[in-house]
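Fold and contact review
Chain residues, written in single-letter form:
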Amino acid sequence: MATKTIRPTQKFAKMIKIVRFISSLVGADVADENYRINIVTVLVILCIIIYFIFTGTTVASVFAENWKYLLEASCMVGSVLQGITKLISGVGCTKMISSICKELENLYQHYETKGEAYCKVLNEGCERVWYSIKMVGHIYAAAIYGILLLTGFLILTTNEKVYVMHFFIPGVDVETTYGYLFTLAVHTVVFLAGAFGLFAGDLFFLIFLGQTQLFRDILVLKVKALNEAAAENAKNTESLLIDIIEWHQYYTDYNKRCNDVFYYIITMQIVTSGISIICTMYILLMGDWPGAYLYIFVAFCGLYLYCIIGTSTQTCNAEFFDEIYNINWYELDVKCQKMMVFIIKKSQSPAEIKIGGVLPLSVQTALQITKSIYGLFTMIIGVIEENN
């Protein structure tokens with residue numbers, strides 16, 4: 001029995017459908033051009049407000065006796081700030097996000113009709129993005145289940161009161177069974193809302209910037225077609241070259257729009273991940289939070305995930321430049337050779353994804369941040385040893 005072939009457009013549509021469903025769970029289906037803030041969005045915002053108010057009151061009440069608690073409470077503040085930034089950026093850029101989604105759907109529909117070679121690269125593009133989504137989903141799932149299961153295990157096996165997050169509710173006595181369970185329940189709800197929100201925000205980042213490799217693969221096929229036409233002195237050589245020029249312009253514009261959408265998200269992700277890692281490493285030294293090991297793993301993954309995607313975009317920019325050089329310009333007429341000068345010049349200054357508009361989003365930047373974190377951590381250890 002023959003296996004039914006799934007078209008690239010169907011794969012991409014299914015992927016977008018899953019992403020929109022996950023986003024709708026936190027009231028942020030921003031791929032819908034008619035998106036409006038709904039009751040789920042309000043509940044998520046309420047969770048954020050609860051977290052900040054209760055964390056603030058907890059730190060204020062405990063700070064005089066234990067200033068170190070401020071560092072403990074600061075660990076998850078970074079993730080909450082990331083969630084807020086993703087929500088605000090998503091709601092503020094709804095029209096642009098929905099427009100890019102439609103563009104990508106139209107792109108898949110257009111190029112899957114151009115032959116088997118194009119269908120192959122479209123399918124590979126979908127598979128790459130879907131693999132990234134599953135990998136990130138597994139990381140979030142491992143962290144969520146790990147922290148919750150570890151908390152439950154410690155509650156059942158020890159006599160200590162263990163908490164998921166670092167805030168207490170004013171007026172609720174955690175020394176009573178009811179008060180402790182109520183506080184634990186609020187912690188769990190806020191924690192899950194934040195985790196799903198962070199994951200939903202990452203999905204659009206993965207889908208949009210995951211297409212750069214697809215654009216490169218399509219360019220390779222376009223250059224191949226141009227070289228074959230030039231070798232045969234075909235009449236459509238000029239139109240094929242113009243198509244390549246327009247494709248490069250679209251790729252550059254696409255990267256710029258992605259940079260606009262994710263500008264604040266990327267900046268907040270990198271900055272707060274670094275701060276959260278430092279605070280969590282301090283807690284690991286003090287041994288005050290059982291879930292710190294899993295949380296620092298997530299913080300490092302968040303830092304390097306974004307930087308790896310940024311490096312992938314940089315690599316595609318370089319490969320775009322190299323592929324344009326693969327055009328057999330010597331087989332083109334004089335008019336087309338002059339057009340080649342224009343596209344080569346433009347490809348030398350690609351649109352990069354940057355952190356705060358300054359630092360390039362790359363693994364090299366992540367390594368520099370990690371080196372700085374190591375230096376600060378070494379300094380903290382030295383201060384602790386000196387005080388002891």
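This is a predicted model, so every value here is computed, not measured.

The tally for this structure, following the rule as stated, stands at 23 aromatic pairs. Where phenylalanine 215 meets tryptophan 247, the ring centres are 5.3 Å apart and the plane angle is 90 degrees; that geometry is what we call edge-to-face. With a gap of 32 residues between them, phenylalanine 215 in helix H7 (residues 212–231) and tryptophan 247 in helix H8 (residues 237–286) connect regions that are remote in the sequence. On the accessibility criterion, phenylalanine 215 (0% relative accessible area) is buried. Each member of the aromatic cluster is reached from another via a ring pair, and the members are Tyr111, Tyr118, Phe215, Trp247, Tyr250, Tyr251, Tyr254 and Phe320. Just above the ring of tyrosine 180 sits the side chain of lysine 161; from NZ or CZ to the centre is 5.8 Å.

Our next topic: the side chain of threonine 237. Along the chain, the position of threonine 237 falls in helix H8. Classification of threonine 237 as buried rests on a relative accessible area of 9%. The contacts of threonine 237, once residues within four sequence positions are left out, are Leu226, Ala229, Ala230 and Leu332.

With that settled, consider the environment of cysteine 47. Along the chain, cysteine 47 falls in helix H2 (residues 39–62). The class for cysteine 47 is buried, based on a relative accessible area of 15%. In the structure, cysteine 47 is positioned 127 residues away from valine 174 in sequence and 20 Å away in space, judged by C-alpha atoms. Excluding residues that lie within four positions of it along the chain, cysteine 47 makes contacts with Val189, Val190 and Ala193.

Moving on: the pattern of salt bridges. Tallied over the entire structure, the rule returns 12 salt bridges. Between glutamate 33 and lysine 102 there is a salt bridge, with the nearest N and O atoms lying 3.1 Å from each other. With glutamate 33 in the loop between helix H1 (8–24) and H2 and lysine 102 in helix H4 (residues 94–111), this pair connects stretches of sequence that are 69 residues apart. Lysine 86 is the partner of aspartate 202 in a salt bridge, and the nearest nitrogen-oxygen pair spans 2.6 Å. Residue aspartate 202 is found in helix H6 (residues 177–209), and its partner lysine 86 is found in helix H3 (residues 69–92); the two are separated by 116 residues along the sequence. On the accessibility criterion, lysine 86 (6% relative accessible area) is buried. Salt bridges linked by common partners bring Arg128, Arg216, Asp217 and Glu319 together as one network.

Right, let's get into the confidence of the model for the protein chain. Across the protein chain, the average pLDDT comes to 84, with 94% of residues at 70 or higher. Of all the helices and strands in the protein chain, helix H10 (residues 334–347) carries the lowest mean pLDDT, 79, while H4 carries the highest, 91.

Attention now goes to H8. Under the 1.5 Å per step criterion, the end-to-end length of H8 is 68 Å for 50 residues, consistent within 8% with the ideal 74 Å. The largest bend in H8 is about 60 degrees, located at phenylalanine 262.

One covalent bond between the sulfur atoms of two cysteine residues makes up a disulfide. This model, assessed by the stated rule, comprises 0 disulfides. There is no disulfide at cysteine 301, and the cysteine sulfur nearest it, in cysteine 307, is 12 Å away. Judged by relative accessible area, which is 0%, cysteine 307 ranks as buried.

Moving on, we come to the nonpolar core. In terms of nonpolar packing, the biggest core is built from 112 residues, with Ile207 and Phe208 touching the most fellow members. Top contributing element to this core by residue count: H6, with 17 residues.

For any two helices packed against each other, one specifies the inter-axial angle together with the distance between the axes. One way to put it is that H7 packs onto H8 with a least axis distance of 9 Å and a crossing angle of 165 degrees. Comparing the axis directions of H7 and H8 gives the class roughly antiparallel. Where H7 crosses over H8, the handedness of that crossing is left-handed. When H7 is examined against H8, the residues Thr212, Phe215, Ile218, Leu219, Lys222, Val223, Ala225, Leu226, Ala229 and Ala230 are found in contact with a partner set consisting of Thr237, Leu240, Leu241, Asp243, Ile244, Trp247, Tyr250, Tyr251, Tyr254 and Asn255. Class assignment for the residues of the contact of H7 with H8 results in 15 nonpolar, 3 polar and 2 charged.

In this section: a nonpolar patch on the surface. On the surface, Ile37, Ile39, Val42, Leu43 and Leu46 cluster together into a nonpolar patch covering about 470 Å² of accessible area. You can see valine 42 is positioned in helix H2. Residue classification places valine 42 among the partly exposed residues on the basis of a relative accessible area of 42%.

Calculation notes
- Residues numbered from 1 in each chain as written.
- Predicted model: local features only at pLDDT ≥ 70, side-chain atom pairs only at ≥ 80, totals over all residues.
- Heavy atoms only, no water.
- Phe/Tyr/Trp six-rings, centres within 6.5 Å; stacked < 30°, edge-to-face > 60°.
- Helix = DSSP H or I, 4+ residues; strand = E, 2+ residues; numbered from the N terminus.
- Buried < 20%, exposed > 50% of the residue type's maximum accessible area, 1.4 Å probe, protein only.
- Lys NZ or Arg CZ within 6 Å of the ring centre and 35° of its normal.
- Contact = heavy atoms within 4.5 Å.
- Salt bridge = Lys/Arg side-chain N within 4 Å of Asp/Glu carboxyl O.
- pLDDT = per-residue confidence, 0-100.
- Expected span 1.5 Å × (residues − 1).
- Bend = angle between axes of the 7 residues up to and from the residue.
- Disulfide = S-S within 2.5 Å.
- Core = buried A, V, L, I, M, F, W, Y, C linked by side-chain atoms within 4.5 Å.
- Axes fitted to C-alpha atoms, helices over the stretch in contact; angles between N-to-C directions.
- Parallel < 35°, antiparallel > 145°, perpendicular 65-115°, else oblique.
- Left-handed = near helix turned anticlockwise from the far one by under 90°.
- Nonpolar A, V, L, I, M, F, W, Y, C, P; charged D, E, K, R; others polar.
- Patch = residues over 30% accessible without salt bridge, like charges linked within 9 Å, V, L, I, M, F, W, Y side chains within 5 Å.
- Areas by Shrake-Rupley, 256 points an atom, 1.4 Å probe, with all protein chains shown as cover.

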